[in-house]
Amino acid sequence: MRKSTILAKPIDMSTGFKDFFDTIGLTGGGLVTKGIAAVIAVIAVRMLLQLSTDPKGALRKGSMAIGTLFVAVVLALYGDTLFSTVTQAKG
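Reference entry: report on the structure contained in this document.

Reading guide: rules and limits
- Residues numbered from 1 in each chain as written.
- Predicted model: local features only at pLDDT ≥ 70, side-chain atom pairs only at ≥ 80, totals over all residues.
- Heavy atoms only, no water.
- Helix = DSSP H or I, 4+ residues; strand = E, 2+ residues; numbered from the N terminus.
- Buried < 20%, exposed > 50% of the residue type's maximum accessible area, 1.4 Å probe, protein only.
- Areas by Shrake-Rupley, 256 points an atom, 1.4 Å probe, with all protein chains shown as cover.
- Patch = residues over 30% accessible without salt bridge, like charges linked within 9 Å, V, L, I, M, F, W, Y side chains within 5 Å.
- Salt bridge = Lys/Arg side-chain N within 4 Å of Asp/Glu carboxyl O.
- Contact = heavy atoms within 4.5 Å.

A short note on the overall build of the chain
Alright, step 1. Summing up its helical and strand segments, the chain has 3 helices and 0 strands in all.
Alright, step 2. Starting at the N terminus, the α and β elements of the chain follow one another as α-α-α.
Alright, step 3. Taking all 91 residues of the chain together, the buried fraction comes to 14%.
Alright, step 4. About 7,700 Å² of surface is accessible on the chain, with carbon and sulfur atoms providing 69% of the total.

Next up, the structure:
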């Protein structure tokens, strides 16, 4: 007779979204931070796609788009840490 192999331990998800976000390691604030970073990244890509043919203007707009994309990446990577200091401040 074959023995069943357990691939993952059972998780109780009876309380809904809170359990789900705990399993993926995100809180509500972390999820909002990732969403804001995604919106900023989409705006930066749109800025990159709308560059003009004027070299000086294209360089200016391109550098602004790259800077915006950099902000989105930093916010996606470290946003939960940055905002956790604000929301969990003790006075």
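On we go.
Things to note about a nonpolar patch on the surface
Alright, step 1. Residues Val73, Leu77, Tyr78 and Leu82 make up a contiguous nonpolar surface patch of roughly 410 Å² in combined accessible area.
Alright, step 2. Position of leucine 82 among the secondary structure elements: in helix α3 (residues 55–87).
Alright, step 3. Given a relative accessible area of 47%, leucine 82 falls into the partly exposed group.

A closer look at the environment of aspartate 80
Alright, step 1. Tracing the backbone shows aspartate 80 in helix α3.
Alright, step 2. Residues aspartate 80 and lysine 34 lie 46 residues apart in sequence; the distance between their C-alpha atoms is 8.4 Å.

Thoughts on the environment of alanine 41
Alright, step 1. Note on placement: alanine 41 falls in helix α2 (residues 28–49).
Alright, step 2. Residue alanine 41 is classed as partly exposed on the basis of its relative accessible area, which comes to 22%.
Alright, step 3. As for alanine 41 and phenylalanine 70, which are separated by 29 residues in sequence, their C-alpha atoms are 8.6 Å apart.
Alright, step 4. Filtering out sequence-adjacent residues up to four positions away, alanine 41 remains in contact with Leu69 and Ala72.

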